[in-house]
Amino acid sequence: MTMRGKALVCVVVAGAIASLSSTSGHPATQWLHFFVYLVAILLSSGMKVAMPRAEATMSVNFPFILLGILELSPLQALVLAIASVIAQCRIRVTKSFSLIQILFNVANVTTATVLAWHAYVVSLKLLSHEVAPALALASTVYFLASSVPVALIVAWESRTRPFGQWRQEFLWYMPFYLVGAILAAAANYIGNLFGWMTSLLLIPMVYTVYRAYYAQMEIVRDRERHILETEALHLRTIEGLAMAVEAKDQNTHRHLMRVRVYVSELGKAMGLDKSMMQALTTASFLHDIGKLAVPEHIINKPGKLTPEEFEKMKIHPVVGADILERVHFPYPVVPIVRSHHEAWDGSGYPDGLRGEDIPIGARILTAVDCFDALASERPYRRAMPIEEAMAFVKSRAGTQFDPAVVKLLEEHYLKLEEMARQQSQEMEPLKTDLFIERGAAPGAGFEPEQDGPACAGKTLRNESADALAAKSLSLIVAASQEAKAVFEMSQALGTSLSARETSAMMSRRLQPLIPFDCFAVYLKSEESVVAQYIDGPLAHAFSAQHIPLGEGLSGWVAQNERPIVNGNPTVEPNFVAESGMFTEDSSALSIPLLDPDGVLFGVLTVYSAKQAAFSKDHLRILQAIQSKFSLSLENAFRFRTAEKDARIDHLTQLVNMRYFLQQIDAQVEKARASGGRFAVGVCDLNSFKAVNDRHGHLTGNELLRAIAEGFRTCLGPEDVVARMGGDEFAFLFPSMDASLAYRQLEKLDLAVQRARMSLRIEVDISSSIGIAYYPDDGESAEELLGKADREMYLSKRSYHHERRKGSAQLVLVGSFTR
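What counts as what
Residues numbered from 1 in each chain as written. Predicted model: local features only at pLDDT ≥ 70, side-chain atom pairs only at ≥ 80, totals over all residues. Heavy atoms only, no water. Helix = DSSP H or I, 4+ residues; strand = E, 2+ residues; numbered from the N terminus. Buried < 20%, exposed > 50% of the residue type's maximum accessible area, 1.4 Å probe, protein only. Contact = heavy atoms within 4.5 Å. Expected span 1.5 Å × (residues − 1). Core = buried A, V, L, I, M, F, W, Y, C linked by side-chain atoms within 4.5 Å. Pairing = 2+ DSSP bridges. Axes fitted to C-alpha atoms, helices over the stretch in contact; angles between N-to-C directions. Lys, Arg positive; Asp, Glu negative; His and termini not counted. Salt bridge = Lys/Arg side-chain N within 4 Å of Asp/Glu carboxyl O. Left-handed = near helix turned anticlockwise from the far one by under 90°. Nonpolar A, V, L, I, M, F, W, Y, C, P; charged D, E, K, R; others polar. Patch = residues over 30% accessible without salt bridge, like charges linked within 9 Å, V, L, I, M, F, W, Y side chains within 5 Å. Areas by Shrake-Rupley, 256 points an atom, 1.4 Å probe, with all protein chains shown as cover.

What follows concerns the overall build of the chain. A tally of regular secondary structure across the chain gives 28 helices and 13 strands. Scored against the burial criterion, the 818 residues of the chain give a buried share of 48%. Of the contacts formed within the chain by residues at least 6 apart in sequence, a portion of 67% connects residues at least 24 apart.

Laid out in structure tokens, this is it:
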């Protein structure tokens, strides 16, 4: 426990002791009531609700403590509260409480109970003996007095902001305390009218409240788990992208691991919020992803860079920021990556920012990046001792680095170095220098050896020395040009995270080396290969039809994982015979594409209209760049997956609200420029909670997926549907006006009904939908959604009103406004 935590425990205990003196002078009464409430408290102490992201729990026996304040002496009420907290510390606990924790909890509830009793007594006098308002005030005081110290100690131990911790984890329990006050007042009122024993009906009411809160907390925990799983998936994808940099720069692996440890701990010490911490962790992995655009010989050059090479190196923050901008991270990663080479005095690059204009995440990353680079081995120098590296960074404080960050780094770098060393040793780097012993020969056999010596002797006899020298020189030049072209191609393959751009670049770079008329990349999809990219002057000769494994030329290569030289293009299932562009005498060269683990994921095929257009040299060129091309494609697909995850709702596969708001903003700009109109809708499902209660949450999720698919089916090609959260959806209708609204909304509600019936759900599900029009109801996304939301709630209110009247069947299924 931190010193602040220990001090807070002492203060709470001292406050509890001091508060006990104020309870004297009030004799104990009604012992039967006391013992009954004590038994009820002990029995209900096991009914606890755990907080979703904290170790604290809340019991539902609070109404009995209020009854003690209302009917018993303050000392008796205090005994009930202490018995309650001790029981909570011993009954149904997953982790044993220490003595100091129990002492803190007892002292905390003692102070809260005494303050609540005083608040009740004072307010009862001021409010002319109105019990209910007095109890409400007492419960509020109890809530604040008991929750604030717990929030403080949890925040200090987890290094978060106390107010943010209290607001996020504790504030939303306030309604329960008010409900407890209402229940206690109701029990007291019933006891006064019908006798005290009747007030014991409070026990089933408390249990009902407990079940309701427990169910709500289960939903919250499910959402938290989903969020954590999604964040973990994003982090693994980010680590995969970082490996793309590692494949090019072998020095980056341990560097990235160590930088992540340093920046994470420094960020916590500086009290950064959760969003900035996520951005900082992500940037620690991806800050050098822009090096994919820097030639490898510059990155790994064993010496100082020339001015021209440094100019090329300086593009990597901008390229990295541009790459990550397309992912649309929900936290500010891009500014950190772009600015991680800025200097405190404004002498850095690329934008020349200075001082606090540099994002705080970039200031932390800049200092840590330099510190770890100095303390690590590089091709162009030996690693510095860690103390010398720290001294160097300290000497640049105020010029290159933020002085506050450097000071914090100096205070903690020895401890952080030990943490970084432990974690970096646990991570294995990407292995690229492998030797495989098995496999005596490729499946198609080796290329047959030519009669080199005999042929060479004949050449020597029949050609002059000058001609032979010229021919040898031309062969050397050609080999050099080929090697250079293959090298440049390999370098260029790592510069894009788009599968289409990578394939197009490959096609363009191969054209001077291999004479093809059509270039095609096929990707494996279950039991077939699918055309991912087809290019070239005769590309129209092939369609996007799936090719089953084993069929045609590319399907055979995919199934057997062996190349084909000068195959017949017309046997391809996706060949368009009517094009007349290829004949049986035409040629095809095809190789399998394998991932780093040797698993096939695609096929590269080039076609030529000429006969026997390809040689073994052409095959060798393709095989030389196959691994780099495959890795580039795989990284592109990972990037595309990460980009999709950033804008797709996991459950329904609809777009999420962040992407939806971008679409509305774009539509507003388009309509503003053209003077057009469009509509925005908000939909809420009536009685959806009853589906979860009766059929379970899995069925509820199935229903949401079916409804989402139904919405997709009945919308136009330009319309957009998004999941807002829970059972709410949002729509963008670029071409809708008021005359078409009712028919479209009726289609949406029919989609809800079809989904319900397809799953045989007995609950009467329907939809309430509100519509807002641009520009009549608003000129921004917020205004339009707010108007549509209000209209939806009017519709929902009308729906429930009709149901209470018993005439819901007379209302069109789903209630619509506008």
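When the terminal C-alpha atoms of helix α4 (residues 74-90) are compared, their 24 Å separation across 17 residues agrees well with the 24 Å that a helix rising 1.5 Å per residue should span. Summarising burial for α4: 12 of the 17 residues are buried, a large majority. All of the buried residues along α4 are Pro74, Gln76, Ala77, Leu78, Leu80, Ala81, Ala83, Ser84, Val85, Ala87, Gln88 and Cys89.

We now examine the nonpolar core. Tyr120, Leu135 and Tyr142 are the most contacted members of the largest nonpolar core, which has 55 residues in total. Put simply, the parts of the chain that give this core at least two residues each are α1 (3-20), α2 (31-44), α3 (62-71), α4, α5 (99-126), α6 (131-158) and α8 (174-194). Every residue in contact with Tyr142, bar those within four places of it in the chain, is listed here: Phe62, Ile65, Val109, Ala112, Thr113, Ala116 and Tyr177. If you look at the next biggest cluster of nonpolar residues, it comprises 49 residues, including Ala279, Leu280, Phe329 and Ile358.

The strand order across the open sheet built from 6 strands is β5-β4-β3-β8-β7-β6, with neighbouring strands paired in antiparallel fashion. The open sheet terminates on both sides in strands that have one partner only, identified here as β5 (547-548) and β6 (564-565). In this structure, strand β4 (residues 528-535) lies alongside β5, joined through 2 bridges in antiparallel fashion. Counted as the bridge partner of Ser528 is Pro548 from β5. Together, β3 (518-525), β4, β5, β6, β7 (587-594) and β8 (600-608) form the strand contacts of helix α22 (residues 552-560), whose direction differs from that of β8 by roughly 145°.

This next bit is on the environment of Ala28. When you line up the elements, Ala28 lands in the loop between α1 and α2. Each C-alpha atom, one on Ala28 and one on Leu75, is 7.2 Å from the other, the two residues being 47 residues apart in sequence. Beyond its immediate stretch of four places on either side in the chain, Ala28 contacts Ser73 and Gln76.

Looking now at the side chain of Asp727. Inspection of the secondary structure puts Asp727 in the loop between β10 (720-725) and β11 (728-733). An unpaired buried charge is present at Asp727: no salt bridge exists, and Lys796, the closest side chain of opposite charge, is 5.8 Å distant. Once you skip the residues sitting within four places of it in the chain, Asp727 turns out to touch Cys683, Asp684, Leu685, Phe688 and Leu704.

What follows concerns the pattern of salt bridges. Summed over the entire model, instances satisfying the criterion amount to 16 salt bridges. Here Arg723 ties to Asp649 by a salt bridge, and the two come within 3.4 Å at their closest N and O atoms. Of this pair, Arg723 sits in strand β10 while Asp649 sits in the loop between α23 (616-645) and α24 (657-674), and the two are 74 residues apart along the sequence. Each member of the pair, Arg723 as well as Asp649, carries the same accessibility label: buried. Here Glu791 and Lys787 are joined by a salt bridge, their closest N and O atoms 3.2 Å apart. Here Glu791 pairs with Lys787, and both are found in helix α28 (residues 781-804), just 4 residues apart, close to one helical turn. For the pair formed by Glu791 and Lys787, the shared burial category is buried. A cluster of three or more residues bridged by salt bridges with shared partners is formed by Arg258, Asp372 and Glu417.

Cis rather than trans, the peptide bond between Tyr349 and Pro350 has omega equal to 10°. With an omega dihedral of 5°, the bond running from Tyr774 to Pro775 counts as a cis peptide bond. Along the polypeptide, Pro775 turns up in the loop between β12 (766-774) and α28. Phi is positive for Glu561, which is not a glycine, with a value near 55°. In this model, Ser687 sits at a positive phi of 65°, which is unusual for a non-glycine residue. Relative to the assigned elements, Ser687 resides in the loop between β9 (678-686) and α25 (688-695). Given the relative accessible area of 21%, Ser687 is considered partly exposed.

How two helices sit against one another is set out by the angle between their axes and by the gap between those axes. For the pair helix α16 (residues 360-374) and helix α17 (residues 386-395), the least separation of the axes is 9 Å and the interaxial angle reads 145°. Helix-helix and strand crossings are classified by hand; for α16 and α17 the assignment is right-handed. Of α17, the residues touching α16 (which contributes Ala367, Cys370, Phe371 and Leu374) are Ile386, Ala389, Met390, Phe392 and Val393. Looking at the contact of α16 with α17, its residues break down into 9 nonpolar, no polar and no charged.

A surface patch of nonpolar side chains, about 290 Å² in accessible area, is lined by Val122, Leu126 and Leu127. Inspection of the secondary structure assignment puts Val122 in helix α5.

Burial runs high along β11: 6 of the 6 residues are buried. Residues Glu728, Ala730 and Leu732 of β11 are buried on one face, and the alternating residues Phe729, Phe731 and Phe733, pointing to the opposite face, are buried as well. In this structure, β9 lies alongside β11, joined through 6 bridges in antiparallel fashion. When the bridges of β11 are listed, Val680 appears paired with Leu732. Of the strand pairs in this sheet, β10 and β11 are connected by 5 bridges, and their pairing is antiparallel. Following the sheet pairing, Val721 is matched in β11 by Phe731. Between β10 and β11, which follow one another and run antiparallel, lie 2 residues, and Gly726 among them has a positive phi close to 60°.

A separate point is the environment of Lys274. Structurally, the position occupied by Lys274 is in helix α11 (residues 274-286). Classification of Lys274 as partly exposed rests on a relative accessible area of 47%. Residues Lys274 and Thr160, 114 residues apart in the sequence, show an inter-C-alpha distance of 8.8 Å.

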